[in-house]
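Summary of structural features
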Amino acid sequence: MLKLSILDQSPISKGSTAREALQQTKQLVQTAEKLGYTRFWVAEHHSTSGLASTSPEVLISHLATTTRHIRIGSGGVLLPQYSPYKVAENFKLLEALFPGRIDLGVGRSPGGGETIRLALTDGKKKNLIEFPRQLADLQGFLDGNLPNDHPYGTIKTAPAIDTRPQTWVLGLSRRGAKHAAKNSTGFTYGHFIDPEYGQEAAEKYVTYFQPTERMPYPKINACIFVVCADTQKEAEELAISQDLWLLAVEKGRSTQVVSVEESKNTPLSLEDEKRIMENRKRAVIGSPDYVKKELHRLGELYQTDEIMVITNIYDFEKRLRSYELLAETFQLH
């Protein structure tokens, strides 16, 4: 049976506010738990007008307090900008508060342009090539097994607890897959960002995976844009707002999600139309039966029994309805 999970970026619809978007995220996670979704991850984005989720750690704590059993996590923490020790303690504390429910998803993404990166590191230039070392340190802090000769090998990561957050590496390439495999973490492929290398990345991860007591078997999921509605026609129309949002993101414009009506009335160049069609490869859009068929196909391609869904359309009620239809179709209960 294919399990479903959700990645939520707390998108801000035009005419709405960041506070309202965060309230919608809370409503969505509570709905997701009732519907039977496996996990619910929140994103980290900075200096954007259209996404309200800037601090996964803070938001995770709030969402976990308002739910009872669904796994809550980050999708993901921008590890290159931070101290692995501090990230480990943040998530060990979350795990202590909500045992067995916390996922620590980390990514190699710089999180934005040079100015944003420097603001996050308080002016210290950090190189992305440090990611493999940081990931190994992070897992060492979480497991409490840093080598004796490690510069921080004598540090005890607090709080002392008998469970650990589940670590995932978010990636877009074979390189990211190998990092996850080498460190015995889960691997999430960002199909919603770039579907081109997903199958290769999944194969590399399974091939190079190193089993441990903490993670004896490889664990993969793939994150995909999905818009589901009662009919194919309605889904296609709802997805127009997501199409225009993606186009605006790529052009560096305002990233608030505009309505279907405004999207339809936005002049598009031939190049814009081509780009929208290309971006549709990052998504599954349609009726429940069509979406179910496509997600099962992608599950086989990624060698996984879990698909993570992201839906960034204008109308929140229609977004909720999309998740409800998926739950019904996949019989998540």
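This text gives an overview of the structure that appears in the document. (Residues numbered from 1 in each chain as written. Predicted model: local features only at pLDDT ≥ 70, side-chain atom pairs only at ≥ 80, totals over all residues. Heavy atoms only, no water.)

1. Topic: the pattern of salt bridges
Summed over all chains, the structure comprises 24 salt bridges. With a shortest N-O distance of 2.6 Å, Lys251 and Asp272 are connected by a salt bridge. Of the two residues, Lys251 is situated in helix α8 (residues 232-251) and Asp272 in helix α10 (residues 270-279); the sequence distance between them amounts to 21 residues. If you follow the salt bridges from partner to partner, you end up with Arg39, Arg71, Asp103 and Glu306 in one network. (Salt bridge = Lys/Arg side-chain N within 4 Å of Asp/Glu carboxyl O. Helix = DSSP H or I, 4+ residues; strand = E, 2+ residues; numbered from the N terminus.)

2. What about the state of the cysteines?
Tallied over the entire structure, the rule returns 0 disulfides. Left without a disulfide partner, Cys223 is nearest to the cysteine sulfur of Cys228, which lies 16 Å away. (Disulfide = S-S within 2.5 Å.)

3. Section: the pairing of strand β1 (residues 3-8)
Burial analysis of β1 places 5 of its 6 residues in the buried class, which makes it a mostly covered element. Examined bridge by bridge, β1 and strand β10 (residues 306-310) share 4 bridges and lie parallel to one another. Along β10, the bridge assignment pairs Lys3 with Glu306. As paired strands, β1 and strand β2 (residues 39-42) are joined by 3 bridges and run parallel to one another. Bridging across to β2, Asp8 finds its partner in Val42. Handedness of the crossover is the feature at issue here: the chain leaves β1, passes through helix α1 (residues 18-35), returns alongside β2, and the resulting connection is right-handed. (Buried < 20%, exposed > 50% of the residue type's maximum accessible area, 1.4 Å probe, protein only. Pairing = 2+ DSSP bridges. Right-handed = clockwise from strand over helix to strand, strands pointing away.)

4. Examining the packing of helix α2 (residues 56-65) against helix α3 (residues 84-97)
Between α2 and α3, whose axes approach to 11 Å, the crossing angle comes to 0°. In terms of orientation, α2 lies roughly parallel with respect to α3. Across the interface between the two elements, Glu57, Ile60 and Ser61 of α2 pack against Asn90, Phe91 and Leu94 of α3. In the contact of α2 with α3, the residues fall into 3 nonpolar, 2 polar and 1 charged. (Axes fitted to C-alpha atoms, helices over the stretch in contact; angles between N-to-C directions. Parallel < 35°, antiparallel > 145°, perpendicular 65-115°, else oblique. Contact = heavy atoms within 4.5 Å. Nonpolar A, V, L, I, M, F, W, Y, C, P; charged D, E, K, R; others polar.)

5. Thoughts on the pairing of β10
With 5 of 5 residues buried, β10 is to be regarded as a mostly interior element. Here β10 shows no split at all, with Glu306, Met308 and Ile310 on one side and Ile307 and Val309 on the other all buried. In the sheet, strand β8 (residues 220-228) pairs with β10 via 4 bridges, with the strands oriented parallel. Paired with Cys223 across the strands is Met308, a residue of β10.

6. Some details on α1
Spacing of three or four residues puts side chains on the same side of an α-helix, whose turn is 3.6 residues. Its 18 residues give α1 an end-to-end C-alpha distance of 25 Å, which sits within 8% of 26 Å, the value for a rise of 1.5 Å per residue. For α1, every residue scored as buried is listed here: Ala21, Gln24, Thr25, Leu28, Val29, Thr31, Ala32, Glu33 and Leu35. Where α1 is buried, its residues touch β1, β2, α2, β3 (71-74) and α12 (316-330). Immediately downstream of α1, the backbone of Gly36 shows phi near 100°, a positive value. (Expected span 1.5 Å × (residues − 1).)

7. So, unusual backbone geometry
In this chain, Gly75 is followed by Gly76 through a cis amide linkage whose omega measures 0°. Summarising the element assignment, Gly76 is placed in the loop between β3 and β4 (77-78). Of note, the amide linkage connecting Ala158 to Pro159 takes the cis form, showing an omega dihedral of -5°. One non-glycine residue, Ser184, lies in the positive phi region at around 55°. Locating Ser184 in the fold gives a position in the loop between α6 (174-182) and β7 (186-189). With relative accessibility at 3%, the residue Ser184 sits in the buried group. Positive phi outside glycine occurs at Gln331, with the angle close to 50°. Owing to a relative accessible area of 59%, Gln331 belongs among the exposed residues under this scheme.

8. Considerations on the nonpolar core
Counting 63 residues, the largest nonpolar core has Tyr37, Phe40, Val106, Leu295 and Leu326 as its most contacted members. What Leu326 contacts, discounting residues up to four positions off in sequence, is Leu4, Tyr37, Val226, Cys228, Val291, Leu295 and Val309. Listed in part, the 20 residues of the second largest apolar core include Ala229, Ala239, Ala283 and Met308. (Core = buried A, V, L, I, M, F, W, Y, C linked by side-chain atoms within 4.5 Å.)

9. Considering the packing of α8 against α10
Where α8 meets α10, the axes come as close as 10 Å, and the angle between the chain directions of the two elements is 110°. Looking at the two axes, α8 sits roughly perpendicular to α10. Two secondary-structure elements touch here, α8 through Asp243, Leu244, Leu246, Leu247, Glu250 and Lys251 and α10 through Asp272, Arg275, Ile276 and Asn279. Of the residues belonging to the contact of α8 with α10, the class tally is 4 nonpolar, 1 polar and 5 charged.

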